[in-house]
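In case you want the letters, here they are:
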Amino acid sequence: MHYRRLGRSGLQISELSFGSWVTYGNQVNRNAAAELMAAAFDAGVNFFDNAEVYAGGQSEELMGNALKDLKKPRLSYIVSTKFFWGITKGPNQVNTLNRKYLLHAIDGSLKRLQLDYVDLAYCHRPDPHTPIEETVWAMSDMITRGKALYWGTSEWSADEIRAAHEIAERHHLHKPVVEQPQYNLFHRTRVEEEYARLYEDIGLGLTTWSPLASGLLTGKYRDGIPKGSRAELSNYAFLREGLTDRAKNVVVAELAGVATQLGCSLAQLAIAWALTNPKVSSVITGASQVAQLQENMKAAAVKDKITDEVKKKIEAVVGDNYE
Ligand SMILES: NC(=O)c1ccc[n+]([C@@H]2O[C@H](COP(=O)([O-])OP(=O)(O)OC[C@H]3O[C@@H](n4cnc5c(N)ncnc54)[C@H](OP(=O)(O)O)[C@@H]3O)[C@@H](O)[C@H]2O)c1
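What counts and what doesn't
Residues numbered from 1 in each chain as written. Predicted model: local features only at pLDDT ≥ 70, side-chain atom pairs only at ≥ 80, totals over all residues. Heavy atoms only, no water. Salt bridge = Lys/Arg side-chain N within 4 Å of Asp/Glu carboxyl O. Helix = DSSP H or I, 4+ residues; strand = E, 2+ residues; numbered from the N terminus. Buried < 20%, exposed > 50% of the residue type's maximum accessible area, 1.4 Å probe, protein only. Near = heavy atom within 4 Å. Polar contact = N/O pair within 3.5 Å; in protein donor to acceptor, adjacent residues only side chain to side chain. Areas by Shrake-Rupley, 256 points an atom, 1.4 Å probe, with all protein chains shown as cover. 1 Å grid on protein atoms, 1.4 Å probe; cavity = no way out; pocket = protein on both sides within 12 Å on 5 of 7 lines; lining within 4 Å. Sits in = over half its atoms within 2 Å of the grid points. Nonpolar A, V, L, I, M, F, W, Y, C, P; charged D, E, K, R; others polar. Contact = heavy atoms within 4.5 Å. Expected span 1.5 Å × (residues − 1). Pairing = 2+ DSSP bridges. Right-handed = clockwise from strand over helix to strand, strands pointing away. Arc of directions from axis to C-beta. Axes fitted to C-alpha atoms, helices over the stretch in contact; angles between N-to-C directions. Parallel < 35°, antiparallel > 145°, perpendicular 65-115°, else oblique. Left-handed = near helix turned anticlockwise from the far one by under 90°.

Draft legend 1. The arrangement of the pattern of salt bridges in detail. Per the stated rule, a full pass over the model turns up 16 salt bridges. For the salt bridge of Arg4 with Glu15, the shortest nitrogen-to-oxygen distance reads 3.1 Å. You can see Arg4 sitting in strand E1 (residues 3–5) and its partner Glu15 sitting in the loop between strand E2 (12–14) and strand E3 (16–19), a full 11 residues away along the chain. A salt bridge links Asp141 to Arg99, with the shortest nitrogen-to-oxygen separation between them at 2.8 Å. In this pair, Asp141 sits in helix H4 (residues 132–144) while Arg99 sits in helix H3 (residues 99–113), placing the two residues 42 residues apart along the sequence. Classification of Asp141 by relative accessible area gives buried; the value is 15%. One network of salt bridges, with partners in common, ties together Arg4, Glu15 and Lys303.

Draft legend 2. The site of the ligand, seen in detail. With respect to spatial proximity, 33 residues lie near the ligand, and among them Asp49, Ser210, Lys220, Arg230 and Ser288 are the closest. The side chain of Asp49 places a nitrogen or oxygen atom 2.6 Å from an oxygen atom of the ligand. Arg125 has a polar side-chain atom sitting 3.0 Å from an oxygen atom of the ligand. In isolation the ligand has 900 Å² of accessible area, and contact with the protein removes 96% of it. Placement of the ligand is best described as lying within the largest pocket. Here the shell around the ligand is built from residues that sort into 10 nonpolar, 17 polar and six charged.

Draft legend 3. Up close: the environment of Thr81. Considering the arrangement of structural elements, one finds Thr81 in strand E5 (residues 78–83). Given the relative accessible area of 0%, Thr81 is considered buried. Separated by 53 residues in sequence, Thr81 and Glu134 have C-alpha atoms that sit 19 Å apart. Residues within four places of Thr81 in sequence aside, it is in contact with Asn50, Ala51, Glu52, Glu60, Ser109, Val118, Leu120, Ala121 and Tyr122. For Thr81, the side chain forms a polar contact with the side chain of Glu60, separated by 2.5 Å.

Draft legend 4. Up close: H4. Relative to the 18 Å expected for 13 residues at 1.5 Å per residue, H4 spans 18 Å between its end C-alpha atoms, a close match to the ideal helical length. For H4, every residue scored as buried is listed here: Thr135, Val136, Ala138, Met139, Ser140, Asp141, Met142 and Ile143. Looking at the buried side of H4, the elements it contacts are E5, H3, strand E6 (118–123), strand E7 (148–153) and helix H5 (158–170). Positive backbone phi, at 80°, marks Gly146, one or two positions downstream of H4.

Draft legend 5. Broad picture of the pairing of strand E8 (residues 176–179). Relative to E8, E7 runs parallel, the two being bridged by three bridges. Bridge assignment links Trp151 to a residue of E8, and that residue is Pro176. Crossover connection from E7 via H5 to parallel E8: handedness right-handed. Taken together, the two bridges between E8 and strand E9 (residues 205–208) define a ladder with parallel strand orientation. Across the sheet, the residue bridging to Val178 is Gly205, located in E9.

Draft legend 6. Main features of helix H11 (residues 290–297). Taken together, the buried positions of H11 are occupied by Leu293, Asn296 and Met297. Along H11, the residues classed as buried sweep out an arc of 100° about the axis, all on the same side.

Draft legend 7. Structural context of the environment of Ser154. Within the secondary structure, Ser154 is located in the loop between E7 and H5. The exposure class assigned to Ser154 is buried, which follows from its relative accessible area of 1%. When the C-alpha atoms of Ser154 and Arg222 are compared, they prove to be 30 Å apart, with 68 residues separating the residues in sequence. Discounting chain neighbours no more than four positions away, the residues touching Ser154 are Cys123, His124, Arg125, Pro126, Glu179, Gln180 and Trp209. Among the polar contacts made by the side chain of Ser154, one reaches the main-chain carbonyl oxygen of Gln180 at a distance of 2.7 Å.

Draft legend 8. The packing of helix H1 (residues 30–42) against H11, seen in detail. At their nearest, the axes of H1 and H11 sit 9 Å apart, and the two run at 20° to each other. For the element pair H1 / H11, the angle class is roughly parallel. Two packed elements cross with a definite hand, and for H1 against H11 that hand is right-handed. Taking contact as the criterion, the partners of Glu35, Leu36, Ala39 and Ala40 in H1 are, on H11, Val290, Leu293 and Gln294. Of the residues contributing to the contact of H1 with H11, the split by class is five nonpolar, one polar and one charged.

Draft legend 9. Geometry of the sheet that holds E3. With respect to topology, eight strands assemble into a closed barrel ordered E3-E4-E5-E6-E7-E8-E9-E10, the strand pairing being parallel. For this sheet the average axis-to-axis angle between neighbouring strands, irrespective of direction, equals 30°. Where H3 meets the sheet, it contacts E5 and E6, and its direction lies at approximately 140° from that of E5.

Structural data, given as structure tokens:
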């Protein structure tokens, strides 16, 4: 496993990491959660991604219990959480990044994770109804109070990220160091174009999500929805249309040929492709089974096979079938 710097921060993060969205609390119980994390640790993963809203708080509870079971030294791993949607109903509790919510939410997350602090706290989406200055001040205070070490954003526009950075600089507050965007062969524009100037200008790091586009890039949806997949879950029915998209599955079938030539699986090819982008600090993988995780971790070795020529070939297969 290679470790990359999280943008211009000093934090070293494994280039492949592991997240709990969909799986923890919906497909995976306490024992399986610990087994997945043990396999990730074995592969050299040091970053585990979570969010308050995942399975309504259960995902943080499962990860907290797994970390307790695994008894790893706190210095050896990085844990994140994210805030925006909230897990209780009412004013200041949903769809907000106001000071009241943020400084309350972190305490709930720390309790569920059974941790004294999280390493990374993300603003899970932008909040158009709260001044960015209020959010920046609250996130910086979270750090000053010792409840988070670094903070960042997820799916904020380049302008919003730059505004947050400038406000922090003006007031000598803790600056956002990382953004968490979607990045895979079908979703590239934000990372490759919209954020292009931010990497140098403000030293933005990236932890990218859904490298397999929720499983589409494994090829498993070419003949419909397979048994036991996340697309079968009734609360994730919104993913079905994208996963069974015909045009995208035609692309995936063609990519399978490239994977065969490289002697790797489609999943490994897609994850390795994301790793070839030097702006990416860590590719956050997901898995509902240990075998999937172990297969995906081998993508780190496949990365060296993605020469410029192979990369061009892969991108030519996708053509303009991406956002
Ligand atoms: N910031 C955000 O807004 C945001 C949004 C989404 C995700 N994330 C983060 O990013 C992480 C990864 O996202 P993701 O789970 O969508 O990643 P992904 O890699 O696109 O999809 C992972 C899913 O694909 C299937 N899969 C994985 N490896 C496989 C393999 N080798 N063969 C066959 N199927 C395989 C599994 O689903 P099945 O159970 O169907 O087999 C697995 O749960 C999340 O856990 C979360 O931490 C963040």
